[in-house]
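# Structure assessment
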Amino acid sequence: MSDNAGVAHEVNFDGLVGPTHNYGGLSYGNLASMNNLGAVSNPLGAVLQGIQKMRKLLDLGLVQGVLPPHERPAVSALRHFGFTGTDAEIVEAAAKAAPQLLMNCASASAMWTANAATVSPSADTRDGKVHFTPANLGSMFHRSLEPDFTGRTLKAIFADDTRFSHHAPIPYGGRMGDEGAANHGRLATGYGEQGAELFVYGHSAFEKQTRKVTFQARQAVEASHAIATSHQLDGRALAFVRQSAAAIDAGAFHNDVVSVTNGTALFYHEQAFEDKAEALDAITRACATLEFEPVFIEVPADRVSLETAIKTYLFNSQLVSLPEGGMALILPTESEENADTRSFVDDAIAGNGPITQAHYLDLKQSMKNGGGPACLRLRVVLTEAEQAALFGNCLMTHERLDDLEAWAKKHYRDQMMPEDVSDPQLYQETCAALDELTQLLDLGSLYDFQR
Ligand code: SUG
């Protein structure tokens, strides 16, 4: 498509934290989620922290988008489990008969939009469209409830079918997990240029588990291959790389907990990949077909241990290109407070590498469920023409963020225990909030309760 040529930007679509944000300890293998089970959460604080992050990116001159929370508790899922009656009756009945099921159906986990989908920019695809595949998130029950509504939302916003192509989630069964952009990266000399796409997987859906593991991998290589094929990517500019079992066992349930890409740079922990030499070689070869060399920024284990990387979420930072040149790391304050990670970042900035700035943000509400800055955003590279074709008001300005802040203050609770999800009143509050949100974002009747 000729008008795809020209300037392209990375647009970060952040997940707006939903009103049911709580610490239900639902994600086995995610140490923060496991360790904070039963803590008091602050949904209002969480959504405001997310909005602050979006403001920071706007201030840096970047393009910022938002994706709406999902309807929770997911009454439609509870209906599948045999509950009947009005929505409020269903929540009440599920709270009595199946509290654990209700807890799973009430998670606000859709906030982590790095897991919403895998996205390939139009510069990478044969048909010149931007391709989307919602992640099946089949490894965790509470997250497996997300793909339908994610697909619906993406189709609503990226509605122009001359520019955007939407695929169904990869079928899940056995261990055919797909966790979306959290295990996907891209290296390119410019956002508008063709890039090398990096798919990081944890296992084969068909392999026998021969080794004792502490935690199961979530991403199947077969799912990654299927996405690369359906997105019509150039096979020479791809790298499929295995995540290290040591990293998964240490709590890196997604690869974006131990590495991040931007521009031609890969910022990664020494122990991120199962076979580091082979991984770096595969990435180098993919980039070579596009005639550039990747910049590897490796963090050695003797400077930052895997354990520290996972505790501080150093690599779950957003690595973004600044309009004036150079790159900024958007990090959680946990990486500022730790001497090892702080000193690595300081040295990186002082050196001659691509990282020129660091900004530390308080995202503790999300961090306590294992979601750092990079988990909270879905990267979508769009040309200016594609950006202009978006439906609704999902691209942020400071005024729109002011509106979202006022909206959250009107509707969100500032304190919640996991068991509060059984309060039918919370469901009513959530629907009122989401109804108003679809008006603010001009998205029409998106939610089941509006249809
Ligand atoms: O899938 N936590 C999420 C965190 C996702 C982070 N995303 C990325 N790394 N990209 C998960 O484990 C916890 C929910 C709870 O316990 O209620 C949770 O789902």
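Because each turn of an α-helix spans 3.6 residues, side chains separated by three or four positions end up pointing in the same direction. For helix H2 (residues 43–59), spanning 17 residues, the distance from its first C-alpha to its last is 24 Å, which sits close to the expected 24 Å at 1.5 Å a residue. The element H2 is largely enclosed, with a buried count of 13 among its 17 residues. A side-chain oxygen of the first residue of H2 lies 3.2 Å from the backbone nitrogen of Leu44; this N-cap is Asn42. Gly61 lies just past H2 and shows a positive phi near 90 degrees.

The next thing to look at is the nonpolar core. It is characteristic of soluble globular proteins that their nonpolar side chains tend to be buried jointly. Of all hydrophobic cores here, the largest spans 86 residues; its most connected members are Phe13, Leu16, Phe158, Leu378 and Val380. Of all the elements, H2 adds the most residues to this core, at 7 residues.

Before going further, it helps to spend a moment on the site of the ligand. The environment of the ligand is made up of 21 residues, and the closest members are Leu26, Ser27, His142, Asp256 and Cys375. Within the side chain of His254, one N or O atom sits 2.9 Å away from a nitrogen atom of the ligand. Asn369 is positioned such that a nitrogen or oxygen atom in its backbone is 3.1 Å from a nitrogen atom of the ligand. Summarising the interface, the protein chains cover 100% of the accessible area of the ligand, which totals 490 Å² for the free molecule. Within the shell around the ligand, the residues separate by chemical class into 6 nonpolar, 12 polar and 3 charged.

With that out of the way, let us pick up the pairing of strand E9 (residues 259–262). Of the two faces of E9, the one lined by Ser259 and Thr261 and the one lined by Val260 and Asn262 are each fully buried. The pairing of E9 with strand E10 (residues 265–269) spans 4 bridges and is classified as antiparallel. Counterpart to Ser259 in the pairing with E10 is Tyr268. Here E9 folds back onto E10, and the loop between the two strands holds 2 residues, one of which, Gly263, carries a positive phi near 55 degrees.

To continue, consider the sheet that holds strand E3 (residues 117–120). Read across the sheet, 3 strands follow the order E3-E4-E5 without closing on themselves; strand pairing throughout is mixed. Either end of the sheet is taken by a strand with one partner, and the two such strands are E3 and strand E5 (164–166). Each strand axis lies, on average, 15 degrees off the axis of its neighbour in the sheet, ignoring direction. In this sheet, E5 lies alongside strand E4 (residues 130–134) in parallel orientation, the contact comprising 3 bridges. Paired with Val130 across the two strands is Phe164, which belongs to E5.

Conventions used here
Residues numbered from 1 in each chain as written. Predicted model: local features only at pLDDT ≥ 70, side-chain atom pairs only at ≥ 80, totals over all residues. Heavy atoms only, no water. Helix = DSSP H or I, 4+ residues; strand = E, 2+ residues; numbered from the N terminus. Expected span 1.5 Å × (residues − 1). Buried < 20%, exposed > 50% of the residue type's maximum accessible area, 1.4 Å probe, protein only. Polar contact = N/O pair within 3.5 Å; in protein donor to acceptor, adjacent residues only side chain to side chain. Core = buried A, V, L, I, M, F, W, Y, C linked by side-chain atoms within 4.5 Å. Near = heavy atom within 4 Å. Areas by Shrake-Rupley, 256 points an atom, 1.4 Å probe, with all protein chains shown as cover. Nonpolar A, V, L, I, M, F, W, Y, C, P; charged D, E, K, R; others polar. Pairing = 2+ DSSP bridges. Axes fitted to C-alpha atoms, helices over the stretch in contact; angles between N-to-C directions.

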